Every structure is written in structure tokens, then in C-alpha cells.
Protein chains: 2
Amino acid sequence: MISLADLYAVFTAMVPLYVAMFLAYASVKRWEIFTPEQCSGINRFVATFAIPFLAFNIISSTDPYKINLKFILADTMQKLLILFVLILWAKFTRWGSFNWMITLFSLSIMPNTLIIGIPLLRPMYGEECIGLLVQVVVLQLVVWCPIFLCLYELHAAKVTMNGKVRFTNDTNEGKEGDEMMNVEVIFKKKNTPADECPGDLAHSNEREVQGEVTHPRMTTTNLFLSVLSKVMKNPNTYGSVLGLIWGLISFRWNISMPKIIHKSVSILSVTGLGMAMFSLGLFMGSQRKIIACGKRKVILSMVVRFIFSSTVMAMCSIAIGIRGIALKTAIIQAALPQGVITFVYAKEYQVHEEVLSTAVILGMLVSLPVALIYNLLLGLT
Amino acid sequence: MISLADLYAVFTAMVPLYVAMFLAYASVKRWEIFTPEQCSGINRFVATFAIPFLAFNIISSTDPYKINLKFILADTMQKLLILFVLILWAKFTRWGSFNWMITLFSLSIMPNTLIIGIPLLRPMYGEECIGLLVQVVVLQLVVWCPIFLCLYELHAAKVTMNGKVRFTNDTNEGKEGDEMMNVEVIFKKKNTPADECPGDLAHSNEREVQGEVTHPRMTTTNLFLSVLSKVMKNPNTYGSVLGLIWGLISFRWNISMPKIIHKSVSILSVTGLGMAMFSLGLFMGSQRKIIACGKRKVILSMVVRFIFSSTVMAMCSIAIGIRGIALKTAIIQAALPQGVITFVYAKEYQVHEEVLSTAVILGMLVSLPVALIYNLLLGLT
């Protein structure tokens, strides 16, 4: 059973995150301290400096030689299994579609492990689980984000071939309507800075689209180069890859970072958590409504995010033979709120951005009770 | 003598500040990551949240019952002595003027104690000096900032009476020219958000000027209300006064802050140092040139800031009988780079803003060698 002391520890870890988020939300909605472009300046700082430095700091201080292979295997199995089922669904069912496949995949496998997962799970299961979460973070940033970019680029290429894109646009009344939209809008639209959002990639809006315009059919090389260029422009990639490299060096030869470098990294990395939460709050405050899509989609995304994802993770973990704290970590980690990066991608490629926005915001609001319920249920076993 | 280990400790404390500042500078000047209004969003966050929370955290965790009265006396004596001499100069000499009196007073008594002083002096003289610095910070924020606001408001009132303001406008070629400027510009000019700068006060541009327009001669009540309204709108005031109140309570009855509140404050206060330095770097990057005023003014402001201020402080401290680390702290503290808040005031009231901008930026660049030279000289005694 979860004790009152455990509960207080979890609250102590989580309430400060909500305070930072709430102050930002109120700054926009009530006090009108920030204009939209001023918000985008803070978001850009978070995406370009705070989160990459935080990722570097956390990853580089975790021993990469102590990886839990079973945990990685279960994590990978969960993601591939879901991808496989979604591909079958998209190909062979009447309701299946490529863009919904991407969105559902995103909702199933991309929780906010770095910002929410680490502070939430530390008081629950101690330092033991942090190493496991760092593995998940590295894989998310180095493997799964590029895979999502591939999927979205493929989607964009399909759209270019068709000459236009169909997308479903649910209103809150549950009415469904199809809208035809010229691809020009997608390819020619220059995101203004005010369009930016938390976790936004620096310069991610500078897309290499010339190739696509001249040759509608995207070649594998084009796709590869396009994804590579995006990955290379993303400060998170540098943060996590450099963190991993330094971790491999320092734990192999037992070298610690010179204090002056460590402190130079820390001065910005310590801003990461607070600024990321503040940025999330600004994002919430700048959306017209917290729930931006229809009820059915809200329910679907919440079920996928908080139940389906962790159920598949639990099955895979048990099948592989993971037990104890690692199992609990795997399950709760899979049921964290939606990662902000997924909204950034959805917005950039205009694929169900309203669903992802709702999943991020509503996900944050319900994540604490959800995590506590999971913790309670897992404590009973 | 200063040892190599001491030197390294000072470098370890200061280089990270410069790294954060440099990254921001390069973000604006080279990488073009932030637009001017995006910069102002970050600056506004720093002024409204990061610094007030940092001030609260530092002040509330310092025992207010351990104040060093002699130190406060010396600090106050230095400031009043300089003010007295400057008033005489302004009243009775041919070169004296009220606006130069304010600027020279600002250059003499307002170092950047909170952001630069504390990290710089900690490795030099240990925790003992931090309590002394906190006293200086509290007095700066609670006593001297309001006094500056009074002086600037008086200046604005003088300007209103005359119907116009004369100000000297040196160019870099050393040419001097007088420009006549209608006060309407001062009173009617609405600062756009892009005009904001580090340390900017939230909503400080909403000036209560109606009274002044109807009654050109400002009454004492008007002056008091105007200053009070500005002080009350300044988040730094809340941060420092609340910090002081909590310090008085907690050290009196030995009550520690509930962990959940402490962490809620910390999540934003830890961003203070890094974000303040980043904001300074953005400020540097957004100015057209680092040295914005003529050579003579640069030399004057550097001499006042780095030599005059600490010389008077040394005299006052010795006269009062301060010795040892407290004396060294008093002297080096007086020779820190110019506080950013003074530039904000100068800009708002349009009194030698180019001199203050140069003093802030150039001051930051030369502060490390200056502090090391002082440390070396004081080590010899």
C-alpha cells in the first residue's frame, strides 16, 4: 500500500511543477504580462537551451554501462508491437488511415519522460528507476523522434503526390466534416515566430521542400536527407548524443567533468525543469481552449495515452520477465502525459494538431491523479 | 596573497555566468535565434519571476537577526556622503546639473550585488560575506530603489515645470550638442514591449501622469503616490519584503518552510542566476554597440563605478571601524559592475540612458579582472 509519507513525497515533487505552470498560465490569461511573441521567446529559449542542457546533464550523469537490456527490449517491443498493429489497421480496415496511424502511434508511445517522468517517479521508486527512465529518454530523442520525422515526411510526400490533403475536422458538437486543403498551404506556409510552441525546435520551420516541389515523388534519399537535416538541427539531439558520449567516456575511465565546465552546463540546465513547466503553462494560456477537439477524440486520446499504452507495456514487460520496481517503472512511465515534442511535430506537419494539443494539456492536468492511481494499484500487487 | 586555488575558485564561479551571457549574446548577434520582442519576453520573465523569486529565496534563507550594524552604517554613510557632495556640486558649481547628479549617484552606489556579487564573493570570502551582501541587497531594493525613483520623479517634475528638457547628447566624436525636447514626448511616449530591457519592471511604463499634466507643479503628495505606486508594482519589492518577513519569522521561532512551498519557490528561483545572465547577454546583443556614449563619459563612468565608489566605501568602513573580511567585502562589493535596474530607470526617465547602458555592459566585461585586482591588492594588506 502507498503510505501517507509516499503520497506527500509525490505531491512535494509534483506541486512545484504545477505552480510554475499555473503562474505562466495566469501570466497569459489573467495578468497579460506576455504578448504571444514574448511567449514564443521563452518557448524558444526552452527548446534551444534549457531542455537540451537538461538532457545533457541528466544523461551524462547516468552510467550508460548499467543499462537494463530487458527494460530496453520491453520498451522497444511495446513500440514495435503497437506500430505493427497500427500499420495493419491503416492498411486493411475501412477506418484506417495513415495520418491517424501516426497520431495514434504518437499517443501510444511518446510520454513526457524527461520533464514529468523523472521528478514524478523519483519519490515513488527512488534513484533505481532514474537510470531506467534515462534509457527511455535517450531512445526517445535519438531513435523515436527521427522515426516520427520519417513517418511525417512520408505523410507529407503522400500529400504532395495526391496534390491535396483530406483531413477530418471534428467540432465540439461531434459533427464531422471533410475539408479539402491545398498542399501549397502546408509547404509554402512560413511559420511566424508567434506560431511557436513549447519544445519547438530551433529553425525547425526551415524545411527543405524545394526537392519535393520539383519531384513530387519523394525518393528514399530525399526522405533520408530531409529527416537527417531536421535531426541535425535539433538541439535535443546534440544534448542527448553529447550526454551519452560523455557518459560513455566518464564512466569507462572514471573521469569526472572539470568543475568549471560542469558549472557552465549547470547554470542553464538547472533552468530546464522550471522553464519547461513555465513554457507548458504559457502554451496552455495561449490556446483558445484547453480542449481543442471533439469529445470522442478526447476520450480516444486519453484512453490510448493513459490505459492502452501502459497495458501493452505491462504485457511486454511481463512477457520478457521484468519484475519489481522495473516493472512498475515501465508501467507508470508509459502512462505519463503526452510529450510536448509530439505536438510540435503534429503542428508542423498539420496532422491532428488539435488532438495532440488536447492530449498535452489535458494530460498534464490529469497526470497526477492517474499516476497516483497506478501507484496505488501497483502497490496492491 | 591570493593562491592559485583561490583564483581557480573565482574563475569556476564566474566563467559559467559569462558562458550563459555569451550564449545569449551569440543567439542575438550571430545565430539570430531571437527577435527583439522574443528577447523582451525572456527579459520580462527574468524581471517578473526569476529575480524576485531569487531575491526571496536568498533573503529568506539568511538570518536577519545576525545583521552587522556597522556594515549597514558604513554602507549608508558612503551613500549619503556621496549624495551630499553631489548635491553641493549640482547646486553650487557651474558644471553641476540635477540630471548628472542622479546619474553620478547611480554610478557610485548601485552595483549588481544580487546577481554578480554573491557568486563572485562566495569563493573569495566564504559564507561569512553572504550575510553582508544580503543586507546590501535588501537595502538596495527596499530603500535605495525608491529613493532613485523619487529623484527621477523630481527630475520629471522639474522638466514639466520648465515645459521642456535640455539634455546633453555626446556623440562618439566627442562633439557636444544641446537638444531641446518637448516634455510631451516623455509623458506621452508609450513604451512598446520591444523597448523592454533586463530588469524591466512589470507594467512600470504605466505611469500615473494625469495629475502632473493638470498641475504642472508636482506636490509632495503626488510625488509620494507616484513613487509608491511604482514601488508597489515592482515584483522585486514583493520578493525582498516577503523574504525579509519570512526570515524574521523563521529565524525568530525556528520554523522552517514546508518542503512543498520551498520547492515551489525553488523551481523558479533556481532559474534566476542563469536567466538573469542570459538576459544580460540578450541586452548586450540587442544594443547597436557595446560602447554607446563618448570616450570621456566612458572613462568617467568606469572611474566612478570601479574606483570612486570603493574608495569612499573603504574610507567610511575604516572610519567606522570595520576590519577583516567585512572590510574586504565592503570594498569589492562597491566595485561590482553597475546594477541593471539603474539602466531601466535611466531609460524610463530618459536621463543619460546611453551612459548607464555602457556602464552595465562594459562593467560586466571588466568586472572579473577588476575584482581579481582588488582581491590581490586586499590580499597584500
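Quick caveat: nothing in here was measured; it's all calculated off a predicted structure. (Residues numbered from 1 in each chain as written. Chains lettered and ligands numbered in written order. Predicted model: local features only at pLDDT ≥ 70, side-chain atom pairs only at ≥ 80, totals over all residues. Heavy atoms only, no water.)

Chemist: I'm lost on the overall build of chain A in this one. Help?
Modeler: Along its length, chain A carries 16 helices and two strands. Considering only contacts in chain A between residues 6 or more positions apart, those separated by 24 or more positions represent 82%. Summing over all exposed atoms, chain A offers an accessible surface of approximately 16,600 Å²; the carbon and sulfur share of this is 67%. (Helix = DSSP H or I, 4+ residues; strand = E, 2+ residues; numbered from the N terminus. Contact = heavy atoms within 4.5 Å. Areas by Shrake-Rupley, 256 points an atom, 1.4 Å probe, with all protein chains shown as cover.)

Chemist: Is there a simple way to explain a nonpolar patch on the surface in this structure?
Modeler: All names here are of chain A. Taken together, the side chains of Val142, Val143, Phe224, Leu225, Leu228, Met232, Tyr238, Val241, Leu242 and Ile245 present a nonpolar region at the surface, about 860 Å² in accessible area. Contributions of two or more residues to the nonpolar patch are made by α6 (128-162), α9 (220-233) and α10 (235-253). Mapped onto the secondary structure, Val142 falls in helix α6. (Patch = residues over 30% accessible without salt bridge, like charges linked within 9 Å, V, L, I, M, F, W, Y side chains within 5 Å. Salt bridge = Lys/Arg side-chain N within 4 Å of Asp/Glu carboxyl O.)

Chemist: Quick question: what am I supposed to make of the relation of the copies chain A and chain B here?
Modeler: What relates the two chain copies is a rotation about an axis together with a slide along it. Once turned by 180° and shifted 0.0 Å along the axis, chain A lies on chain B with an RMSD of 0.0 Å. In symmetry terms, the pair is related by a two-fold rotation axis. Comparing interface residues between copies, 100% of those in chain A also sit at the interface in chain B, which points to an isologous, same-surface contact. (Least-squares fit on C-alpha atoms with pLDDT ≥ 70 in both.)

Chemist: I'm lost on the confidence of the model for chain A in this one. Help?
Modeler: Residues and elements named next belong to chain A. In the predicted model, chain A carries a mean pLDDT of 82, and 84% of its residues have values of at least 70. By mean pLDDT, helix α7 (residues 183-188) is the weakest element of chain A at 36, and helix α4 (residues 98-109) is the strongest at 95. Here residues 164-171 scores under 50 on pLDDT; set against residues more than four positions off or in separate chains, the count is 29 contacts. (pLDDT = per-residue confidence, 0-100.)

Chemist: Would you take a moment to explain the packing of helix α3 (residues 69-92) of chain A against helix α13 (residues 295-320) of chain A for this structure?
Modeler: The packing of two helices is summarised by the inter-axis angle and the distance between the axes. Residue and element names in this part refer to chain A. Packing of α3 against α13 leaves a shortest axis separation of 9 Å and a crossing angle of 130°. One finds that α3 runs oblique with respect to α13. The interaxial crossing formed by α3 with α13 has right-handed handedness. Judged by residue contacts, Lys70, Leu73, Ala74, Asp75, Met77, Gln78, Leu81 and Ile82 of α3 engage Phe308, Ser309, Val312, Met313, Cys316, Ser317, Ala319 and Ile320 from α13. (Axes fitted to C-alpha atoms, helices over the stretch in contact; angles between N-to-C directions. Parallel < 35°, antiparallel > 145°, perpendicular 65-115°, else oblique. Left-handed = near helix turned anticlockwise from the far one by under 90°.)

Chemist: Whenever I open this one, the interface of chain A and chain B confuses me. Can you help?
Modeler: When the parts of a complex come together, some accessible area is lost, and that lost area is often used as the size of the interface. The interface of chain A with chain B comprises 41 residues on the first partner and 41 residues on the second. Each partner contributes to the roughly 3,300 Å² buried at the junction of chain A and chain B, and carbon and sulfur atoms together form 77% of this total. Counting across the interface, chain A meets chain B through zero salt bridges. Across the contact surface, chain A and chain B share six residue pairs in polar contact (both at pLDDT 80 or more). If you list the elements that add at least two residues to the side of chain A that touches chain B, you get α1 (4-29), α2 (36-60), α11 (259-269) and α12 (271-286) of chain A. Each residue belonging to the side of chain A that touches chain B can be placed in one class, and the counts come to 24 nonpolar, 11 polar and six charged. (Buried area = accessible area lost by both parts, 1.4 Å probe. Polar contact = N/O pair within 3.5 Å; in protein donor to acceptor, adjacent residues only side chain to side chain. Nonpolar A, V, L, I, M, F, W, Y, C, P; charged D, E, K, R; others polar.)

Chemist: Looking at this structure, I do not really get helix α5 (residues 113-125) of chain B. What am I missing?
Modeler: Note that an α-helix has 3.6 residues per turn; residues three or four places apart therefore point the same way. Residues and elements named next belong to chain B. Spanning 13 residues, α5 covers only 15 Å between terminal C-alpha atoms, well under the ideal 18 Å at 1.5 Å per step. α5 sits mainly inside the fold: 11 of its 13 residues count as buried. Among the residues of α5, those classed as buried are Thr113, Leu114, Ile115, Ile116, Gly117, Ile118, Pro119, Leu120, Leu121, Met124 and Tyr125. Put simply, Asn112 is the residue that caps the front of α5, since its side-chain oxygen is 3.3 Å from the backbone nitrogen of Ile115. One or two positions beyond α5, positive phi appears at Gly126, with a value near 75°. (Expected span 1.5 Å × (residues − 1). Buried < 20%, exposed > 50% of the residue type's maximum accessible area, 1.4 Å probe, protein only.)

Chemist: Looking at this model, I keep getting lost on the packing of aromatic side chains. Mind explaining?
Modeler: Between two aromatic rings, the relevant description is the distance of the centres plus the angle of the planes. Residue and element names in this part refer to chain A. All told, the structure shown has 19 aromatic pairs over all chains when counted by the stated rule. Measuring from ring centre to ring centre gives 6.2 Å for Phe105 and Trp144, while their planes differ by 75°; the resulting arrangement is edge-to-face. Taken as a pair, Phe105 in helix α4 and Trp144 in helix α6 lie far apart in primary sequence, 39 residues in all. Judged by centre distance (6.3 Å) and plane angle (65°), the ring pair of Tyr152 and Tyr345 falls under edge-to-face. Remark: Tyr345 occurs in helix α15 (residues 340-349) and Tyr152 occurs in helix α6; sequence separation between them is 193 residues. (Phe/Tyr/Trp six-rings, centres within 6.5 Å; stacked < 30°, edge-to-face > 60°.)

Chemist: In this structure, what is going on with the environment of Tyr238 of chain A? I would like to understand it.
Modeler: Residue and element names in this part refer to chain A. Here Tyr238 shows up in helix α10. A relative accessible area of 41% means that Tyr238 is categorised as partly exposed. Taking C-alpha positions, Tyr238 is 38 Å from Leu376, a pair spaced 138 residues apart along the chain. Filtering out sequence-adjacent residues up to four positions away, Tyr238 remains in contact with Met232 and Gly243.

Chemist: What should I look at first to understand the side chain of Thr271 of chain A in this one?
Modeler: Tracing the chain through its elements places Thr271 of chain A in helix α12. Judged by its relative accessible area of 0%, Thr271 of chain A falls in the buried class. The contacts of Thr271 of chain A, once residues within four sequence positions are left out, are Phe45, Ala50 and Ala276 of chain A together with Thr271 and Met275 of chain B.

Chemist: What's the story with the side chain of Asn112 of chain B in this structure? I'm lost.
Modeler: Residue and element names in this part refer to chain B. Tracing the backbone shows Asn112 in the loop between α4 (98-109) and α5. Reaching out from Asn112, the side chain makes a polar contact with the backbone nitrogen of Ile115 at a distance of 3.3 Å. Beyond its immediate stretch of four places on either side in the chain, Asn112 contacts Gly117, Leu336, Pro337, Gln338, Gly339 and Val340.

Chemist: Teacher, can you tell me more about the state of the cysteines here?
Modeler: Formally, a disulfide is one covalent bond, and it connects the sulfur atom of one cysteine to the sulfur atom of another. Residues and elements named next belong to chain B. Counting across every chain of the model gives zero disulfides over all chains. Between Cys150, a cysteine without a disulfide, and Cys145, which holds the nearest cysteine sulfur, the sulfur-to-sulfur distance is 12 Å. Owing to a relative accessible area of 27%, Cys150 belongs among the partly exposed residues under this scheme. (Disulfide = S-S within 2.5 Å.)

Chemist: I would appreciate a short explanation of the nonpolar core in the present structure.
Modeler: Soluble, globular proteins show a tendency: their nonpolar side chains are buried together. Of all hydrophobic cores here, the largest spans 230 residues; its most connected members are Phe45 and Phe278 of chain A together with Phe45 and Phe278 of chain B. With near-sequence residues (within four places) excluded, Phe278 of chain A lies in contact with Ala20, Leu23, Ala24, Ser27, Phe34 and Ile42 of chain A together with Phe45, Phe49 and Leu268 of chain B. (Core = buried A, V, L, I, M, F, W, Y, C linked by side-chain atoms within 4.5 Å.)

Chemist: Even after reading the chapter, I still don't get the packing of α5 of chain B against helix α14 (residues 324-334) of chain B, so can you show me in this structure?
Modeler: Residues and elements named next belong to chain B. The N-to-C vectors of α5 and α14 enclose an angle of 145°; their axes lie 11 Å apart at closest approach. Of the two elements, α5 crosses α14, and the hand of that crossing is right-handed. In contact with Thr113, Leu121, Met124 and Tyr125 of α5, α14 contributes Ile325, Lys328, Thr329, Ile332 and Gln333. When the residues that make up the contact of α5 with α14 are grouped by side-chain class, the tally is five nonpolar, three polar and one charged.

Chemist: Can you help me understand the pattern of salt bridges in this one?
Modeler: Note on pairing: side chains with opposite charge can pair once their charged atoms come close. Residues and elements named next belong to chain A. Within the structure shown, the criterion is met by eight salt bridges over all chains. Between Lys79 and Asp75 there is a salt bridge, and its shortest N-O distance comes to 2.8 Å. With Lys79 and Asp75 both in helix α3, this residue pair falls four residues apart, about one helical turn. The partner of Arg122 in a salt bridge is Glu127, and the shortest N-O contact between them spans 2.8 Å.

Chemist: Would you explain the environment of Leu282 of chain B in this entry?
Modeler: Along the chain, Leu282 of chain B falls in helix α12 (residues 271-286). Note on Leu282 of chain B: relative accessible area 0%, which makes it buried.

Chemist: Hey, could you run me through unusual backbone geometry in this one?
Modeler: Backbone geometry follows two general trends: most residues other than glycine have a negative phi, and most peptide bonds adopt the trans configuration. A positive phi angle, close to 55°, is found at Asn254 of chain A, a residue other than glycine. Looking at where Asn254 of chain A falls in the secondary structure, it is placed in the loop between α10 and α11. The class for Asn254 of chain A is exposed, based on a relative accessible area of 72%. Even without being glycine, Gln350 of chain B reaches a positive phi, approximately 55°. In this fold, Gln350 of chain B is placed in the loop between α15 (340-349) and α16 (353-380).

Chemist: I'm lost on helix α1 (residues 4-29) of chain B in this one. Help?
Modeler: Helix length check: α1 of chain B (26 residues) gives 35 Å between terminal C-alpha atoms against 38 Å at 1.5 Å per residue, within 8%. By the largest-angle criterion, Met14 of chain B marks the main kink of α1 of chain B, which is about 25°, and a proline, Pro16 of chain B, follows within four residues. (Bend = angle between axes of the 7 residues up to and from the residue.)

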